[in-house]
Amino acid sequence: MLKSELEMLNKLDKIQAKNDLFLRICSAYLNECEGLVTSEIMDEITSGDKRLDEGAFATFLSSAFIEDDELERLMHKEYFVPSIKKINPENYTSNPYLKSIPIPNKKEGAWTLSYQKYAPYEGFVRDDFIITDDMREICAIGFFDSEFSYPTVFENGVEWMAIKPNEIETMREPIERAHGKVVTFGLGLGYFTYMASLKGEVESVTVIERSKDVISLFKTHILPHFSNPEKIKIVEADAFEYAREQMPRKKFDYAFVDLWRDTSDGVDMYIKMKKLEALSPKTHFEYWIEKSILVMIRKRIFASIMQSIESGKSTLTYDEIIRNLTFDYLKEFVKFI
């Protein structure tokens, strides 16, 4: 590899290191101290001027998690500022599902329906990763300045699915592209199912769900409120067995896969389903939080490439490395892992 290419690769390696640092910070904040920022703290910082909320929130978080002043200034500008957004609750309270589907407090087997709340200024993931042209990977964090309630389904006390900003935003484009005969893997609260069924260009929605209890809760308490329940068919089955054995005969136009809670359990299932796409070549597949999953896969690939270069085993040029790290390339590459 040429010296100039090594310099560019080292620059990319430094960006990946900052990506990893920001991801660790976001994970620590959201998993261990999401209530770190409070109304009292924000009022003290902004003197009650809510126009300053976003900037104050970003500044408070960056200073709380980074001790080195120079690094804090850099990370604040390149990561925290584009990450942090105050969200208008009206953007979500007007959502058709949230307006039309009342969720009762009910339990069936290991599964429970209920409402949860974000406290004012409680941080949460608001969307998929923000990816910049220089390959910065920025976790998208949001907050409300007032309390916000959202419906949730739990399995043994662990949140499995909720209708909150992250889910609404990350399903927006798949819902827009759904058409014809649709199959979706994973039922949850039926958000994708409901929103897709509202579309005139969607003929039917077949839902593949393996849990009898989830299906029972859905059919009893949620499906009766659907505008077009005649479009919905629920199939109790394992997603991968169905995709392998039954789906090729069904000739679906569109498939949406939503089987995981987050990237921690999503990467392996994503790769497994991608390998089954070839069995239904006329079906267009899309995946929940695919960008975030591909970010995790790209981290693994980049680390492997750097190890090969350091050991002198790699023959790739810089341009070839960049091509191998694109999402379009990775979507195809994972089918052969």
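Going by the structure above, here's the rest.
All of the points below concern the structure found in this document. Quantities reported herein were computed from a predicted structural model and do not represent experimental measurements.

**Some points on the layout of surface pockets**
Regions of empty space are outlined by a rolling probe, equal in size to a water molecule, passed over the atoms. By volume, the largest pocket is sized at about 1,100 Å³. Along the wall of the largest pocket there are 37 residues; nearest its centre are Leu-30, Asn-31, Val-125, Asn-166 and Asp-262. Contributions of two or more residues to the lining of the largest pocket are made by helix H1 (3–32), strand S3 (111–118), strand S4 (124–125), strand S8 (148–155), strand S9 (158–162), helix H7 (165–177), helix H12 (263–274) and helix H13 (290–310). Considering only residue class, the lining of the largest pocket consists of 18 nonpolar, nine polar and 10 charged. Put simply, the second largest pocket is a space of about 560 Å³. Forming the boundary of the second largest pocket are 26 residues, of which Glu-173, Arg-177, Glu-286, Glu-290 and Lys-291 lie nearest the centre. With six residues, H7 is the largest single contributor of residues to the lining of the second largest pocket. Split by residue class, the lining of the second largest pocket holds eight nonpolar, three polar and 15 charged.

**Some words on the pairing of S9**
In terms of strand pairing, S8 meets S9 through four bridges, oriented antiparallel. Within S9, the position partnered with Phe-154 by the bridge is Glu-159.

**Details of the packing of H1 against helix H3 (residues 53–65)**
Interaxial distance between H1 and H3 falls to 11 Å at its minimum, and their mutual angle equals 105 degrees. Considering the angle they form, H1 stands roughly perpendicular to H3. Two secondary-structure elements touch here, H1 through Ile-25, Ala-28 and Tyr-29 and H3 through Phe-57, Leu-61 and Phe-65. Its residues assigned to classes, the contact of H1 with H3 shows six nonpolar, no polar and no charged.

**Quick look at the pattern of salt bridges**
Inspection of every chain in the model, using the stated rule, returns 19 salt bridges. Between Lys-86 and Asp-145 there is a salt bridge, with the nearest N and O atoms lying 3.6 Å from each other. One end of the pair, Lys-86, is in strand S1 (residues 84–86); the other, Asp-145, is in the loop between strand S7 (141–143) and S8, and 59 residues separate them in sequence. By relative accessible area, Asp-145 is classed as partly exposed at 25%. In this structure, Glu-173 engages Arg-177 in a salt bridge whose closest nitrogen and oxygen atoms are separated by 3.5 Å. Here Glu-173 pairs with Arg-177, and both are found in helix H7, just four residues apart, close to one helical turn.

**Topic: the packing of H3 against helix H4 (residues 69–83)**
Where H3 meets H4, the axes come as close as 10 Å, and the angle between the chain directions of the two elements is 135 degrees. The angle between H3 and H4 falls in the class oblique. Seen along the crossing, H3 lies across H4 with a hand that is right-handed. In this structure, H3 contributes Ala-58, Thr-59, Leu-61, Ser-62 and Ser-63 to the contact, and H4 contributes Glu-72, His-76, Phe-80 and Val-81. Per-class residue counts for the contact of H3 with H4 are four nonpolar, four polar and one charged.

**So, the nonpolar core**
Counting residues in each nonpolar core, the largest one holds 97 residues, and the members touching the most others are Tyr-97, Phe-185 and Met-273. When residues in this core are grouped by element, the largest group, six residues, is from H1. Met-273 has contacts with Phe-185, Ala-239, Phe-240, Ala-243, Val-257, Leu-259 and Tyr-287, leaving out every residue within four places of it along the chain. Judged by nonpolar contacts, the second largest core, of nine residues, contains Leu-9, Leu-12, Met-135 and Ile-305.

**Some words on the sheet that holds S1**
Strand order across the open sheet formed by three strands is S1-S7-S4, with mixed pairing between neighbours. Bordering the open sheet on either side are S1 and S4, each of which pairs with just one other strand. Pairing of S4 with S7 involves two bridges; the strand directions are antiparallel. When the sheet's bridge partners are listed, Phe-124 is paired in S7 with Gly-142. Contacts from H4 reach S1 and S7 within the one sheet, and its direction differs from that of S1 by about 25 degrees.

**Observations regarding the packing of aromatic side chains**
A full pass over the atoms with the stated rule returns 21 aromatic pairs. Seen in terms of ring centroids, Trp-111 and Trp-160 are 6.2 Å apart; in terms of plane orientation they differ by 85 degrees. Their pairing is edge-to-face. Taken as a pair, Trp-111 in strand S3 and Trp-160 in strand S9 lie far apart in primary sequence, 49 residues in all. Here Trp-111 falls in the buried class, since its relative accessible area comes to 8%. The exposure class assigned to Trp-160 is partly exposed, which follows from its relative accessible area of 25%. Between Tyr-118 and Tyr-150, the ring centres sit 4.8 Å apart and the planes meet at 40 degrees, which makes this aromatic pair tilted. Here the residue Tyr-118 occupies a position in strand S3, and Tyr-150 occupies one in strand S8, the gap between them amounting to 32 residues. Each member of the pair Tyr-118 and Tyr-150 is classed as buried. An aromatic cluster of three or more residues is present, and its members are Tyr-97, Tyr-191, Tyr-194, Phe-218 and Phe-226.

What counts, and where the lines are drawn
- Residues numbered from 1 in each chain as written.
- Predicted model: local features only at pLDDT ≥ 70, side-chain atom pairs only at ≥ 80, totals over all residues.
- Heavy atoms only, no water.
- 1 Å grid on protein atoms, 1.4 Å probe; cavity = no way out; pocket = protein on both sides within 12 Å on 5 of 7 lines; lining within 4 Å.
- Points joined across faces, edges and corners; volume = space filled by probe spheres on them.
- Helix = DSSP H or I, 4+ residues; strand = E, 2+ residues; numbered from the N terminus.
- Nonpolar A, V, L, I, M, F, W, Y, C, P; charged D, E, K, R; others polar.
- Pairing = 2+ DSSP bridges.
- Axes fitted to C-alpha atoms, helices over the stretch in contact; angles between N-to-C directions.
- Parallel < 35°, antiparallel > 145°, perpendicular 65-115°, else oblique.
- Contact = heavy atoms within 4.5 Å.
- Salt bridge = Lys/Arg side-chain N within 4 Å of Asp/Glu carboxyl O.
- Buried < 20%, exposed > 50% of the residue type's maximum accessible area, 1.4 Å probe, protein only.
- Left-handed = near helix turned anticlockwise from the far one by under 90°.
- Core = buried A, V, L, I, M, F, W, Y, C linked by side-chain atoms within 4.5 Å.
- Phe/Tyr/Trp six-rings, centres within 6.5 Å; stacked < 30°, edge-to-face > 60°.

So far we have only geometry, and geometry alone does not tell us how the molecule works.
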